[in-house]
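What follows is each chain in one-letter form.
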Amino acid sequence: MADQYQYNTNEEKIVKDSHTKEIDLINRDPKQINEDVVKVEFEDVIAEPDGTHSLDGVWKLSYTTFTVSKYWCYRVLSAVFGIPVSLLWGFLFACISFCHIWAVVPCIKSCLIESQCVSRIYSLCIQTFCDPFFEALGKIFSSVRVALRKEV
């Protein structure tokens, strides 16, 4: 499933690795996981209410400074730390996947197998000991009749 097969004109099988898929450089958040988290605009942080306004030039320069510094600071941080942090995240998710595949799922499967065995033994004990007891109680109390009378 990780590899896709293609055939060329000579009917030779060519393996296409799924790790080399093309990435979209335009839409970099196709699943919108950061849709409402990091969309911070100038108006979300700095706002001047009516009656308290700075000079128009200061306001425009503040807007430009905020926007450009945020843009370039993010670019510099992602250039410096992006690859090491992605390496750490890749390592972490690889470790999580390894533990899940090689430890968690087999442990759960083992517990399910054992619980099925215990469940059968428990069911057998209930059918052997409890069912006859409750059937006998049912037969004893089946002849009991309850009648309600209203006395005036």
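Residues numbered from 1 in each chain as written. Predicted model: local features only at pLDDT ≥ 70, side-chain atom pairs only at ≥ 80, totals over all residues. Heavy atoms only, no water.

The protein goes by Caveolin in an unreviewed UniProt entry, where it is assigned to Betta splendens. Quoted verbatim from the Sequence similarities (unreviewed entry) field of the UniProt record, the comment on the protein reads "Belongs to the caveolin family." (UniProt positions renumbered as here; feature names shortened; annotations may be inferred.)

Trainee: Describe the overall build of the protein, listing the residues and the values that go with them.
Mentor: Secondary structure assignment for the protein yields 2 helices and 2 strands. Expressed as a percentage of its 152 residues, the buried residues of the protein come to 2%. Pairs at least 24 apart in sequence give 14% of the contacts found in the protein among residues at least 6 apart. Element-wise, carbon and sulfur atoms account for 65% of the exposed surface of the protein, whose accessible area totals about 14800 Å². (Helix = DSSP H or I, 4+ residues; strand = E, 2+ residues; numbered from the N terminus. Buried < 20%, exposed > 50% of the residue type's maximum accessible area, 1.4 Å probe, protein only. Contact = heavy atoms within 4.5 Å. Areas by Shrake-Rupley, 256 points an atom, 1.4 Å probe, with all protein chains shown as cover.)

Trainee: Quick one: what's the story with unusual backbone geometry, residue by residue and with numbers?
Mentor: In the Ramachandran plot, Gln32 falls in the positive-phi region, its phi being about 50° despite a non-glycine side chain. Tracing the chain through its elements places Gln32 in the loop between strand S2 (13-17) and helix H1 (42-45).

Trainee: Go over the confidence of the model for the protein, please, and point to the residues and values.
Mentor: On average, residues of the protein score 86 in pLDDT, and 87% of them are at 70 or above. The lowest-confidence element of the protein is strand S1 (residues 3-7), averaging 52 in pLDDT; the highest-confidence one is helix H2 (residues 56-141), averaging 94. (pLDDT = per-residue confidence, 0-100.)

Trainee: Lay out the layout of surface pockets in plain terms, naming residues and giving numbers.
Mentor: By volume, the largest pocket amounts to about 810 Å³. Forming the walls of the largest pocket are 13 residues, and the residues nearest its centre are Arg28, Asp29, Asn34, Val38 and Tyr74. When the residues that make up the lining of the largest pocket are grouped by side-chain class, the tally is 4 nonpolar, 2 polar and 7 charged. (1 Å grid on protein atoms, 1.4 Å probe; cavity = no way out; pocket = protein on both sides within 12 Å on 5 of 7 lines; lining within 4 Å. Points joined across faces, edges and corners; volume = space filled by probe spheres on them. Nonpolar A, V, L, I, M, F, W, Y, C, P; charged D, E, K, R; others polar.)

Trainee: An account of a nonpolar patch on the surface is requested, with residue identities and associated values reported.
Mentor: A cluster of nonpolar side chains, namely Val68, Tyr71, Trp72, Val76, Leu77, Val80, Phe81, Val85, Trp89, Leu92, Phe93 and Ile96, defines an oily patch on the protein surface of about 1200 Å² accessible area. Checked against the element boundaries, Trp89 lands in helix H2. (Patch = residues over 30% accessible without salt bridge, like charges linked within 9 Å, V, L, I, M, F, W, Y side chains within 5 Å. Salt bridge = Lys/Arg side-chain N within 4 Å of Asp/Glu carboxyl O.)

Trainee: Outline the packing of aromatic side chains, listing residues and values.
Mentor: Scanning the model with the defined rule gives 7 aromatic pairs in all. In textbook terms, an aromatic cluster arises when at least three aromatic residues are bridged by ring pairs, as seen for Phe42, Trp59, Tyr63 and Phe66. Its end group placed over the ring of Trp72, Arg75 keeps NZ or CZ at 5.8 Å from the ring centre. (Phe/Tyr/Trp six-rings, centres within 6.5 Å; stacked < 30°, edge-to-face > 60°. Lys NZ or Arg CZ within 6 Å of the ring centre and 35° of its normal.)

Trainee: Tell me what's going on with the side chain of Asp29, and back it up with residues and numbers.
Mentor: With respect to the helices and strands, Asp29 occurs in the loop between S2 and H1. Buried charged residue Asp29 carries no salt bridge. Nearest counter-charge: Lys39, at 7.9 Å. At a separation of 3.0 Å, a polar atom in the side chain of Asp29 contacts the main-chain amide nitrogen of Ile33. Residues within four places of Asp29 in sequence aside, it is in contact with Asn34 and Glu35. (Lys, Arg positive; Asp, Glu negative; His and termini not counted. Polar contact = N/O pair within 3.5 Å; in protein donor to acceptor, adjacent residues only side chain to side chain.)

Trainee: Can you tell me about the state of the cysteines, naming the residues and giving the values?
Mentor: Enumeration according to the criterion identifies 0 disulfides in this entry. Sulfur of Cys111: no disulfide; nearest cysteine sulfur belongs to Cys107 and is 4.4 Å away. By relative accessible area, which is 48% here, Cys111 ends up partly exposed. (Disulfide = S-S within 2.5 Å.)

Trainee: Account for H2, naming residues and giving values.
Mentor: Here H2 contains 86 residues, and its C-alpha end-to-end distance of 93 Å is more than 12% below the 128 Å for a straight helix at 1.5 Å per residue. Taking the largest bend as the criterion, H2 deviates by roughly 50°, centred on Phe81, and proline Pro84 comes between one and four positions later. (Expected span 1.5 Å × (residues − 1). Bend = angle between axes of the 7 residues up to and from the residue.)

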